[in-house]
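# Commentary on secondary and tertiary structure
If you want the building blocks of each chain, they are given just below.
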Amino acid sequence: MTSVQRIPGRRLLHSPGPTPLPDAVLHAMSRQPMDLADPRVDANLAAVEAGLKRLLHTQGDVFLFAANGHGAWEAAVENLLDLGQAVLVAGTGHFSESWALQTEALGRRVVRTPWREGWPIDAAAIEQALRDDSAHAIEAVFAVHTDTASGVTSDLAAVRRAIDAARHPALLVADVVASLAAAPFEMDALGVDVALGASQKGLMCPPGVAFVAVNARALARAEANPAPRFYWHWLSRKSELSYRKYCGTPPQNLLFGMEAALALIFDEGLPAVFERHVLLARAVHAAVEGWAEAGALGFFAQDVAARSVSVTTITVPPGTDVDALRAVARERFQVAMAGGLGPLAGRAFRIGHLGDCNPAMILGALGGVEAALRRQGLPVGSGVARAVDWLAAA
Ligand SMILES: *Cc1c(COP(=O)(O)O)cnc(C)c1O
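Reading the values: rules and limits
- Residues numbered from 1 in each chain as written.
- Predicted model: local features only at pLDDT ≥ 70, side-chain atom pairs only at ≥ 80, totals over all residues.
- Heavy atoms only, no water.
- Helix = DSSP H or I, 4+ residues; strand = E, 2+ residues; numbered from the N terminus.
- Disulfide = S-S within 2.5 Å.
- Buried < 20%, exposed > 50% of the residue type's maximum accessible area, 1.4 Å probe, protein only.
- Near = heavy atom within 4 Å.
- Polar contact = N/O pair within 3.5 Å; in protein donor to acceptor, adjacent residues only side chain to side chain.
- Areas by Shrake-Rupley, 256 points an atom, 1.4 Å probe, with all protein chains shown as cover.
- Pairing = 2+ DSSP bridges.
- Contact = heavy atoms within 4.5 Å.
- Axes fitted to C-alpha atoms, helices over the stretch in contact; angles between N-to-C directions.
- Domains from an automatic or database assignment.
- Buried area = accessible area lost by both parts, 1.4 Å probe.
- Salt bridge = Lys/Arg side-chain N within 4 Å of Asp/Glu carboxyl O.
- Nonpolar A, V, L, I, M, F, W, Y, C, P; charged D, E, K, R; others polar.

Glycine 17 connects to proline 18 through a cis peptide bond whose omega is 0°. Residue placement: proline 18 occurs in the loop between strand E1 (12-14) and helix H1 (23-29). In the Ramachandran plot, alanine 181 falls in the positive-phi region, its phi being about 70° despite a non-glycine side chain. Inspection of the secondary structure assignment puts alanine 181 in the loop between strand E8 (171-175) and helix H7 (187-190). Even without a glycine there, the phi angle at cysteine 247 is positive, about 50°. One can find cysteine 247 in the loop between helix H10 (242-245) and helix H11 (252-268).

Pasting the structure below:
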């Protein structure tokens, strides 16, 4: 075994998932598992399902999987599309492209709308692509709400309007993995047919639980879809028996944690949760503006209104060793942040600011990142001071 040196104090986790766990979530998970017939198992599942429906603002069904976000992607593909059928994937960057590649790997066809770096979904391109599809071969539109690599949040209402304007019957499937419990999202009111998420981001739980919410229209499509599937099958999970709901043993301890996390969210109140995310995101944005004054760093997100409240993607000059910067931040200053993904590898780093987060944590993280930037010789203006100014005045 490699020896791990004790870290004095706490290391701040500012990746955009996994995110830090509240003590109440840790404590809720620190229990013995139960036999599957124990009524407490069913009570926990019922609480989690009810909480997720409330959080998503939906009357639809919620299906949970022992899986990560990629599992939820797979569930959407396998249930909604037969082999060879087509889906339109709205370009948002690394995450839309990953979902598109997974869909193709599963034997379905993908039509892509172009992605403009730093910009949200192009709703006009969706409308055009659907108008061009006069045979209605496209079964669904897949849209990532917040692209965690780009740090950009798209307007799902605009996507819905584009589908309606084209008078196209495609379903709207929204990936809210990185935005749920951070930014407002109301599935039914938005006309989203399927929403999918995962435990380890705004939901403040460990990785390992994925979920999809499905309205009646999408469930009917799934029912009519002859594609072979088993573990991901929504219909076979529509049961009162927890063992069938999970296609086997539920990930009990993770679900104890999720029940506790949902209670924390509703105790704080959703409006307060969203306001806190805006406040902290703006503090990070203020810091980035300060750093950017020296001319080397910048925002990847070009549309100010589309900057995510969950994660900020910060560009660095060519030749910067982003992995070394992250290692210095993590090992010397105890701030864990994320790197650039896909086309942004080596071009950016990312600071997560979602989930169980407060001003002191944000200022600590920004201070550690600023120290690491200076230590690595990157020219930066004073970012932390800007964040302090913002928080003091907000
Ligand atoms: C994290 C993330 C995923 C993938 O989740 P995994 O749990 O890593 O499989 C999918 N979509 C978005 C928007 C994400 O942020």
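Having seen the model, we can carry on.
Under the criterion given, the structure shown has zero disulfides. Unpaired in this structure, cysteine 205 has its nearest cysteine sulfur neighbour in cysteine 357, at a distance of 16 Å. Relative accessible area serves as the criterion here: at 2%, cysteine 205 is assigned to the buried category.

Next up on the list: the site of the ligand. In the vicinity of the ligand there are 13 residues, among which His70, Thr148, Asp175, Gln200 and Lys201 approach most closely. Taking asparagine 68, its side chain carries an N or O atom lying 3.3 Å from an oxygen atom of the ligand. Here an oxygen atom of the ligand sits 2.7 Å away from a polar atom, N or O, in the side chain of glutamine 200. When isolated, the ligand has an accessible area of 380 Å², and the protein chains bury 90% of it. Ranked by residue count, the leading element in the shell around the ligand is helix H3 (residues 69-80), at three residues.

With that settled, consider the sheet that holds strand E11 (residues 298-299). Strand order across the open sheet formed by five strands is E1-E13-E14-E12-E11, with mixed pairing between neighbours. Edge positions in the sheet fall to E1 and E11, since each of these pairs with one other strand and no more. The sheet contact formed by strand E12 (residues 311-315) and strand E14 (residues 348-352) spans five bridges and is antiparallel. What sits directly across from isoleucine 314, in E14, is phenylalanine 349. Along the sheet, helix H13 (residues 322-331) contacts strand E13 (335-339) and E14; its crossing angle with E13, the most-contacted strand, is approximately 160°.

It is worth spelling out the domain arrangement of the protein at this point. In terms of domain boundaries, the protein breaks down into domain 1 (23-266) and domain 2 (269-393). The centre of domain 1, based on its C-alpha atoms, is set 28 Å off from the matching centre of domain 2. Counting residues at the interface gives 27 residues for domain 1, matched by 25 residues for domain 2. Of the roughly 2100 Å² buried where domain 1 meets domain 2, counting both sides, 65% is carbon and sulfur surface. Note that arginine 347 is salt-bridged to glutamate 117, the shortest N-O span being 2.8 Å. One can count 11 residue pairs in polar contact (both at pLDDT 80 or more) joining domain 1 with domain 2. Residue composition of the side of domain 1 that touches domain 2, by class: 15 nonpolar, 10 polar and two charged.

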